[in-house]
Amino acid sequence: MKKLITFFVMTMFVTGIAVGETIPSAMMVQVRQSAVREYASVVAPVVSTLSYRDPVLFWGNKDGWAKVQLPGSSCIYYMFMSALAPRDTQPGSVGQAASGVTSPEIVLAGKGFSSTAEDSYARTSHIDYSWVNLMESWDFSSDEIINFLACGL
Amino acid sequence: MRALGMYRGKPVLLFWLSLCLAFAFSPWLAWAADPLPDPAQEPVPRQTPAPADDQAALTPEQVEIIKSAIRRASEAKLELNPEEEYYVGRAVAAQILASYKPYDCPPLNAYLNKLGQGLALFSSRPELYNGYRFIVLDSEEVNAFASPGGHILVTRGLLKLTRSEDELAAVLAHEITHVALRHGLASVEGLRLTDIISEAVISAGLASGGKVADFTTAFGNAIAGIAKQIIVSGYSQAYEFEADGEARRIIAAAGYDPQALARLISRLPERDSEHTSGFAATHPERQTRIDILARSEVPDQRIRRKPRIFLREDPGYVFGVAGTQQEIEEIRLDKWVPVTVLRDERFSAARVLF
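Being a predicted model, the structure only gives us computed values, none of them experimental. (Residues numbered from 1 in each chain as written. Chains lettered and ligands numbered in written order. Predicted model: local features only at pLDDT ≥ 70, side-chain atom pairs only at ≥ 80, totals over all residues.)

Draft legend 1. Spatial organisation of the overall build of chain B. Counting its regular elements, chain B contains 16 helices and six strands. Buried positions account for 42% of the 354 residues belonging to chain B. Contacts in chain B between residues at least 24 apart in sequence constitute 68% of all its contacts with a sequence separation of at least 6. (Helix = DSSP H or I, 4+ residues; strand = E, 2+ residues; numbered from the N terminus. Buried ≥ 20, exposed ≤ 12 C-beta atoms within 10 Å, placed from the backbone. Contact = placed C-beta atoms within 7 Å.)

Here you go:
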């Protein structure tokens, strides 16, 4: 019995070290849309698509792939590491401005770039965004892209 | 009880036991202590554009925050997040499209986007805020532009120089790398972007209590600086060599011929006094590029996917797929073609549109 308990303690010790090395951290999606894949490959099936600022639990990074857990799920999936940012990198909060500019907008405008600045810029500089908007409407699914590359179709 | 009694005199062992248990379950404890919000239950406000009131005054608090942001950004190299970079990129792309006429050819632009977006998956930054977008410019000049947010513009003149999909992939991969490695923002005339923005903001009178319109001036000045850098000056030689090396890796990973870039470079116009714009003016000498490329190694990271063999039935040009010779025999398709042949056929069909 003593041996059994010692074995149990040692097993827990080793497990503790192994698991403790990969303590997860909270991260969020920093792109508009990001695919969550079954395994770490561009040809892996897409199990879900996350949106900007959706939270994930980050378990590690290897070769540009982030190992993640989604809220309400116990499974581990994979996303591009470049799509994630630490959860606490939210824009600063200063409350709604009297000028009608939102808090994140103020922080962005502090660097000079925001959707509000863009609207105003487009009006005053007479820059036409219609072709840029058209470019952004050319969307292809993940399957279309992979079939194009890997199958030549 | 007997077991516990046995360890009564060994508190150290019990301590280790509890420590191990706590350590092993710490991730779940952390998860329980700070659960991730369910997006459905706790909607996070999106960055929807607020109605712009150009003449509305900023509060002193806001002015202080902006000045503080500029101060902080000036102390270190400016790091735009993907969303900010996207807005910069949109404006720069719009500026380029004001100088170059877009080529209104939906099938060609679709072809370019499928190829480019596929290649981007193998870049060091596969996902941008709003992805990579490609468009053909209706110009005979041999040139291409990579706007910071992922908008990539390629002239018909450059497309006409390509002789295969491998070479076209090399061009796009080179431009994708400029975006992925943030070359556009990092090389604004050797200045830090914050210098331009700070100067513009200060000159707009923000320090004395600015208005939303002042941001527009700052934004416009910064965009003009970046667009000028991309269109007229180009990137530093170091960035061009870096983009060449990375482009070679990307196309190899995507299953294209890694030598395609060197072949294309050898046909680019030579850098001389006659070329004051375009690739020849903004890129290093072609032999230097080829020599440096030849010295770089290409890791074997090709796309792995089965099936790798593709079948074609006549008549009707119907494609089928099979992974092994046995499968080919079982489904009794008597002709097969490798993916490279399909790519060649696809490129030939697209080339007439250049």
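Draft legend 2. Geometry of unusual backbone geometry. Of note in this structure, H126 of chain A is not a glycine but carries a positive phi near 60 degrees. Along the chain, H126 of chain A falls in the loop between α3 (115-125) and α4 (130-136). C-beta crowding within 10 Å serves as the criterion here: with 8 such atoms nearby, H126 of chain A is assigned to the exposed category. Backbone geometry places R182 of chain B, a non-glycine residue, at a positive phi of 55 degrees. Checked against the element boundaries, R182 of chain B lands in the loop between α7 (165-180) and α8 (183-186). With 15 C-beta atoms counted inside 10 Å, the residue R182 of chain B sits in the partly exposed group.

Draft legend 3. Examining the packing of helix α12 (residues 260-267) of chain B against helix α14 (residues 286-295) of chain B more closely. All names here are of chain B. Axis separation between α12 and α14 bottoms out at 9 Å; the angle between their running directions is 170 degrees. In terms of orientation, α12 and α14 fall into the roughly antiparallel class. Note on packing geometry: the crossing formed by α12 with α14 is left-handed. Contacts between α12 and α14 involve L261, A262, I265 and S266 from the first element and R286, R289, I290, L293 and A294 from the second. Of the residues in the contact of α12 with α14, the class split is six nonpolar, one polar and two charged. (Axes fitted to C-alpha atoms, helices over the stretch in contact; angles between N-to-C directions. Parallel < 35°, antiparallel > 145°, perpendicular 65-115°, else oblique. Left-handed = near helix turned anticlockwise from the far one by under 90°. Nonpolar A, V, L, I, M, F, W, Y, C, P; charged D, E, K, R; others polar.)

Draft legend 4. Quick peek at the pairing of strand β2 (residues 33-37) of chain A. All names here are of chain A. Among the five residues in β2, four count as buried, and that is most of the element. Of the strand pairs in this sheet, β2 and strand β3 (residues 46-51) are connected by five bridges, and their pairing is antiparallel. Following the sheet pairing, V36 is matched in β3 by S48. (Pairing = 2+ DSSP bridges.)

Draft legend 5. Structural context of the sheet that holds strand β1 (residues 133-137) of chain B. Residues and elements named next belong to chain B. One open sheet accounts for three strands, arranged β1-β3-β2; its pairing is mixed. The open sheet is flanked by β1 and β2 (144-146), the only strands paired with a single partner. Sheet twist, expressed as the mean angle between neighbouring strand axes with direction ignored, is 15 degrees. The strands that helix α4 (residues 82-99) touches are β2 and β3 (151-155); relative to β3, the one it contacts most, it runs at about 20 degrees.

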